[in-house]
Amino acid sequence: MPEILTYEFMQRAFIAGIVVAITAPLIGQFLVVRRYALLADTLAHVSLAGIALGLLLHIQPLFGALATAVIAAIGIERLRHTERLSGESVLALFLSGGLATAVVLISLAHGFNTNLFSYLFGSLTTVGPTDLLVITILGIIVLVLVTLFYHRLFYISYDEQGAAASGIRANALNTLFIILAAVTVSLSIRIVGALLIGALMVIPVLAAMQWRQSFFRTLLLAECFALISVVSGLLISFNFDLATGGTIVLVALVLFLGSLLVRNAR
Amino acid sequence: MHNTPIIVKPIAIEASDLTFRYDREVVLERMSFSIRHGEYVGILGPNGGGKTTLIKLILGLLEPEKGSVTLFDQHGQELRNRASIAYVPQRSARTDISFPATVFELVRSGRTPHHHLLSPFLRESDTNAIRWALHQTGITKLARRRITTLSGGQLQRVFLARALAAKPTLLVLDEPDAGVDQVTQTAFYELLGELNKKHGLTILLVSHDVEVVTRHVNHILCVHKTLVCHGAPQTLLREHFVEKLYGDKKAHVEHTH
């Protein structure tokens, strides 16, 4: 066994990281093609409020994040559906609202600043056994549901009305999808941090899109890029004592730039 | 007319007293008509006249404020088996062309409404339907191409192929001719006419190209806030329906080019 995996916390970080790497582009690709990529960041900021609440009330922060993200996700979908506000402005509302709530909750209870830092930028050492269990179970649920609904999600992503006219329940599917996005965001926070989760969901997909493949192959490529980013990001950040989330996202960016260069060279 | 025996086909779509408002503004008012199985219907009217709203009401995508629509003898919004309906919305309603997908993936998605969640794999009937749809629309050779590399006319055929892959009994198209040149457009309408004749497909076609539509369809609905007139194209042309529908100015423009 490589030395790095003899540490129990590193084993947990690796397993959680792999789960996150598999689920993030799965949701991210549908977000990107629907021009809804900012949703990930919005839900991450809302999750932060849930984490602050969890720390304040001494509940598992992960559960706080999950609950607030899912509730906000349903609220976003409802507001978007009424069409009184544009999708973008709904996201702006929730993003700043989430952050404001988080900041106020943090100032209410002083003294958990160091802990909070790990939620903002991700950390290797903080993935506890309970976190790992929850992350793995939820990750598997997301994977199974997206696989089952893949063809329906594909259809509503490029033509929601055509799909609805043919009997696909587009509204219910949109709600399910946004809840899955909320779950994915919350469980990724431990590894990449709230401020960088959006990047992990979007950048591997953008890199994969440069290769001009079918939708399915683009998704597979994005999965590969995310896995490479997370695994090498974890190794590099461990060896050089760097911030985990930032390292992962930088690796993803390098892969994106490489893909862009290859595209232009062809 | 009275002497010729005509086999009257059953009614496919029945609208009665349809009224729809958007923010208190009347979009459509008191529309009643019926469309029979196997008809090729053109829906004509000025921009903002309520054509798209009308087909959304027919498809159950919008709920009428008053009145009702029955599709195949079932209430619009409660219709159970929608898999036999194929709808190609206006281009602006669909995701833009940078969508990363192949022609095959798009056409295949036409089969999705027929599928149960737990059996996502293609059966023989699916592959046959996809192959048939690609063949009918003449895009078999494009199957592996990415949709971003297609011309407007090719993309139009891809969306028609997706619709056909569902093996629909009712096909609804909203301005499929937008951004496509005249020659391509005529070929497209001829293809629709052939599908209508050969396969008895009921077609609803929204368009603003009066000339082309009157040449191809066998029934016209003129929509401007309400049902201005309807009937066979030859009859309507005799009654100068274009003037009625668009006003004299537009009619003048029609004649000059």
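Up top is the structure these notes are about.
Residues numbered from 1 in each chain as written. Chains lettered and ligands numbered in written order. Predicted model: local features only at pLDDT ≥ 70, side-chain atom pairs only at ≥ 80, totals over all residues. Heavy atoms only, no water.

(A) How the structure looks around the overall build of chain A. The secondary structure content of chain A amounts to eleven helices and zero strands. Shown N-terminal to C-terminal, the secondary structure of chain A runs as helices and strands in the order α-α-α-α-α-α-α-α-α-α-α. Computed over its C-alpha atoms, the radius of gyration of chain A comes to 18 Å, within 12% of the 18 Å expected for a compact globule of 266 residues. Taking as baseline every contact in chain A between residues at least 6 positions apart, the subset at least 24 positions apart corresponds to 75%. When the accessible surface of chain A is summed, it comes to about 11,300 Å², and 70% of that surface belongs to carbon and sulfur atoms. (Helix = DSSP H or I, 4+ residues; strand = E, 2+ residues; numbered from the N terminus. Rg over C-alpha atoms; globule rule 2.2 N^0.38 Å. Contact = heavy atoms within 4.5 Å. Areas by Shrake-Rupley, 256 points an atom, 1.4 Å probe, with all protein chains shown as cover.)

(B) Representation of the interface of chain A and chain B within the structure. Every contact between the two is made by 26 residues of chain A and, on the other side, 32 residues of chain B. Interface area for chain A against chain B, summed over the two sides, is near 2,600 Å², with a carbon-plus-sulfur share of 59%. Along the contact surface separating chain A from chain B lie one salt bridge. For Arg162(B), the salt bridge goes to Asp159(A), with nearest N and O atoms at 2.8 Å. The interface formed by chain A and chain B includes eleven residue pairs in polar contact (both at pLDDT 80 or more). Listing elements by their share of the side of chain A that touches chain B, those giving two or more residues are α6 (129-158), α7 (160-165) and α10 (215-240) of chain A. When residues of the side of chain A that touches chain B are assigned to their parent elements, the largest contribution, nine residues, is made by α6(A). Here the side of chain A that touches chain B is composed, by residue class, of 13 nonpolar, nine polar and four charged. (Buried area = accessible area lost by both parts, 1.4 Å probe. Salt bridge = Lys/Arg side-chain N within 4 Å of Asp/Glu carboxyl O. Polar contact = N/O pair within 3.5 Å; in protein donor to acceptor, adjacent residues only side chain to side chain. Nonpolar A, V, L, I, M, F, W, Y, C, P; charged D, E, K, R; others polar.)

(C) Structural view of the pattern of salt bridges. Counting across every chain of the model gives twelve salt bridges over all chains. The salt bridge involving Glu8(A) is made with Arg12(A); its shortest N-O contact spans 3.7 Å. With Glu8(A) and Arg12(A) both in helix α1 (residues 8-33), this residue pair falls four residues apart, about one helical turn. Arg12(A) sits in the buried class, given a relative accessible area of 17%. Linked by salt bridges that have partners in common, Arg111(B), Arg123(B) and Asp126(B) make up one network. (Buried < 20%, exposed > 50% of the residue type's maximum accessible area, 1.4 Å probe, protein only.)

(D) Examining the sheet that holds strand β8 (residues 202-206) of chain B more closely. Residue and element names in this part refer to chain B. A sheet is described by the order of its strands in space; here six strands give the open sequence β6-β7-β8-β3-β9-β10, paired in mixed fashion. Here the strands that pair on one side only, and so sit at the sheet edges, are β6 (85-88) and β10 (226-231). Direction aside, the axes of adjacent strands within the sheet are offset by 15 degrees on average. Lying on the sheet, helix α4 (residues 152-165) is in contact with β6 and β7 (170-174); it crosses β6 at an angle near 165 degrees. (Pairing = 2+ DSSP bridges. Axes fitted to C-alpha atoms, helices over the stretch in contact; angles between N-to-C directions.)

(E) Just the side chain of Arg190(A), in detail. All names here are of chain A. Mapped onto the secondary structure, Arg190 falls in helix α8 (residues 170-192). Overall, the relative accessible area of 9% leaves Arg190 in the buried class. Only 3.4 Å separates the side chain of Arg190 from the side chain of Thr126, close enough to count as a polar contact. Looking at Arg190, its side chain comes within polar contact range of the side chain of Asp131, at 3.1 Å. Excluding its chain neighbours within four sequence positions, the residues that come into contact with Arg190 are Ser118, Tyr119, Gly122, Ser123, Thr126, Val127, Asp131 and Ile135.

(F) Seen up close, the environment of Leu62(A). Residue and element names in this part refer to chain A. Looking at where Leu62 falls in the secondary structure, it is placed in helix α3 (residues 61-82). Sequence separation between Leu62 and Ile51 is eleven residues, and the spatial gap between their C-alpha atoms is 6.6 Å. Residues contacting Leu62, with those up to four places away along its chain left out, are Asp131, Val134, Ile135, Ser186 and Leu187.

(G) Representation of the pairing of β8(B) within the structure. All names here are of chain B. Of all five residues in β8, five are buried; the element is thus mostly enclosed. Bridge count between β7 and β8: five bridges; the pairing is parallel. Paired with Asp174 across the bridge in β8 is Val206. For the crossover from β7 across helix α5 (residues 182-199) to β8, the handedness is right-handed. (Right-handed = clockwise from strand over helix to strand, strands pointing away.)

(H) Examining α10(A) more closely. Here α10(A) spans 37 Å end to end across 26 residues, near enough to the 38 Å set by a 1.5 Å rise per residue. For α10(A), the secondary structure elements touched by its buried residues are α1, α6, α9 (197-209) and α11 (244-265) of chain A together with α2 (103-108) of chain B. Backbone geometry just downstream of α10(A) places Asp241(A) in the positive-phi region, at approximately 55 degrees. (Expected span 1.5 Å × (residues − 1).)

(I) Region of the structure containing the packing of α1(A) against α8(A). Residue and element names in this part refer to chain A. Contact geometry for α1 and α8: axes closest at 9 Å, N-to-C directions at 145 degrees. Judged by the twist between their axes, the crossing of α1 over α8 is left-handed. Contacts between α1 and α8 involve Ala13, Ala16, Gly17, Val20, Thr23, Ala24, Ile27, Phe30 and Leu31 from the first element and Phe177, Leu180, Ala181, Thr184, Leu187, Ser188 and Ile191 from the second. Classifying every residue of the contact of α1 with α8 gives twelve nonpolar, four polar and no charged. (Left-handed = near helix turned anticlockwise from the far one by under 90°.)

(J) Structural detail: the side chain of Glu39(B). Residue and element names in this part refer to chain B. Inspection of the secondary structure assignment puts Glu39 in the loop between β2 (25-36) and β3 (40-44). A polar contact of 2.8 Å, which involves the side chain of Glu39, links it to the backbone nitrogen of Arg36. Once residues lying within four places of it in the same chain are set aside, the contact partners of Glu39 are Asn196, Leu201, Thr202, Ile203, Asn218 and His219.

(K) Structural detail: unusual backbone geometry. With phi around 55 degrees, His58(A) is a residue other than glycine that occupies positive phi space. Along the chain, His58(A) turns up in the loop between α2 (38-57) and α3. Taking the relative accessible area as the measure of exposure, His58(A) reaches 74% and is therefore exposed. In the Ramachandran plot, Arg30(B) falls in the positive-phi region, its phi being about 45 degrees despite a non-glycine side chain. Locating Arg30(B) in the fold gives a position in strand β2. Of the residues examined, Arg30(B) reaches a relative accessible area of 55% and is grouped as exposed.

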